[in-house]
Amino acid sequence: MEAIVICRGLGKRYGAGDTAVHALQDVDLEIHRGEFLSLSGPSGSGKTTLLNHIGGLDRPTSGEVSVDGRKLGELDKGELADLRLEKIGFVFQAYNLIPVLSAYENVEFILQLQGVHARQRRERARAMLSEVGLEKLGERRPGELSGGQQQRVAIARAMASSPAIVLADEPSANLDSAATEELLALMSRLNEARGMTFCVASHDPRVIEYTRRRVRMRDGRIEADERA
Ligand code: ADP
Ligand code: MG
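Okay, so let's go over this structure. (Residues numbered from 1 in each chain as written. Chains lettered and ligands numbered in written order. Predicted model: local features only at pLDDT ≥ 70, side-chain atom pairs only at ≥ 80, totals over all residues. Heavy atoms only, no water.)

1. Some thoughts on the packing of aromatic side chains
- Under the criterion given, the structure shown has two aromatic pairs.
- For the pair F36 and F198, a centre-to-centre distance of 5.7 Å together with 55 degrees between the ring planes defines the contact as tilted. With a gap of 162 residues between them, F36 in strand β3 (residues 36-40) and F198 in strand β8 (residues 198-201) connect regions that are remote in the sequence.
- F36 gets classed as buried once you look at its relative accessible area, which sits at 2%.
- With a centroid separation of 5.8 Å and 5 degrees between ring planes, the pair formed by F90 and F92 is classed as stacked.
- Judged by relative accessible area, F90 falls into the buried class, the value being 18%. (Phe/Tyr/Trp six-rings, centres within 6.5 Å; stacked < 30°, edge-to-face > 60°. Helix = DSSP H or I, 4+ residues; strand = E, 2+ residues; numbered from the N terminus. Buried < 20%, exposed > 50% of the residue type's maximum accessible area, 1.4 Å probe, protein only.)

2. Notes on the site of ligand 1
- Near ligand 1, the surroundings consist of Y14, V21, A23, P42, S43, G44, S45, G46, K47, T48 and T49.
- Take S45: an N or O atom from its main chain is 3.2 Å from an oxygen atom of ligand 1.
- For ligand 1, whose unbound accessible area comes to 560 Å², protein coverage reaches 58%.
- Looking at the shell around ligand 1, the elements that each hand over two or more residues are β2 (21-32) and α1 (47-54). (Near = heavy atom within 4 Å. Polar contact = N/O pair within 3.5 Å; in protein donor to acceptor, adjacent residues only side chain to side chain. Areas by Shrake-Rupley, 256 points an atom, 1.4 Å probe, with all protein chains shown as cover.)

3. Considerations on the pattern of salt bridges
- A complete count under the given rule lists 17 salt bridges for this structure.
- For E30, the salt bridge goes to R8, with nearest N and O atoms at 2.9 Å. Taken together, the positions of E30 in strand β2 and R8 in strand β1 (residues 3-14) put the pair 22 residues apart, joining distant regions of the chain.
- Classification of R8 as partly exposed rests on a relative accessible area of 40%. (Salt bridge = Lys/Arg side-chain N within 4 Å of Asp/Glu carboxyl O.)

Here's what the structure looks like:
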């Protein structure tokens, strides 16, 4: 299986001296194409820090991360931004949709950043919204959608650019159990039908149960790595 993400000896220290926090310590992790993986562990165990490093949003203190064969440490700011745009889809707990844009425009926007032509953009944004079951609600703004619907728009947006991997940080944090169930079924279907690779950080047992590979963290280290 092809490795999309490779973390080698990854360490991240925040601060210095007595107050230093070792958010990641000697993390080795490979994520392969087509995996549906959860990062679990108690609050403060380093899940978000690890996702941020995989996504090139933060720089490690030691070790390295490669995404789709590119070593992130060797890229300058602009190259890193391009890699993020092309290779990585992000889904956050707070949805992070642009409030003044419609659902459809939120999905289209990222394609525009990538320089996709208008006609193709429209087709792709429509196709993605219908893939997540929101074809009828594309004209609504985020404030006119439920939390579960907003999170589905966020998934459509993350997937619109056909990234190598989608990183999701506590995607169910603001959802009730029905919406969580729907979100998981959707991710699971996208994983199976489209081979989309997901890495989901969550301490929610309902989420972890759904994933096929379960990586558990504690104190910045990987404590267990199991396949369901
Ligand atoms: P999780 O997502 O598992 O709850 P985090 O990755 O957010 O854990 O945090 C891991 C540790 O790193 C925690 O002790 C947290 O307080 C610390 N930490 C995270 N980000 C920062 C930061 N920007 N500055 C200082 N400490 C941080
Ligand atoms: Mg977190």
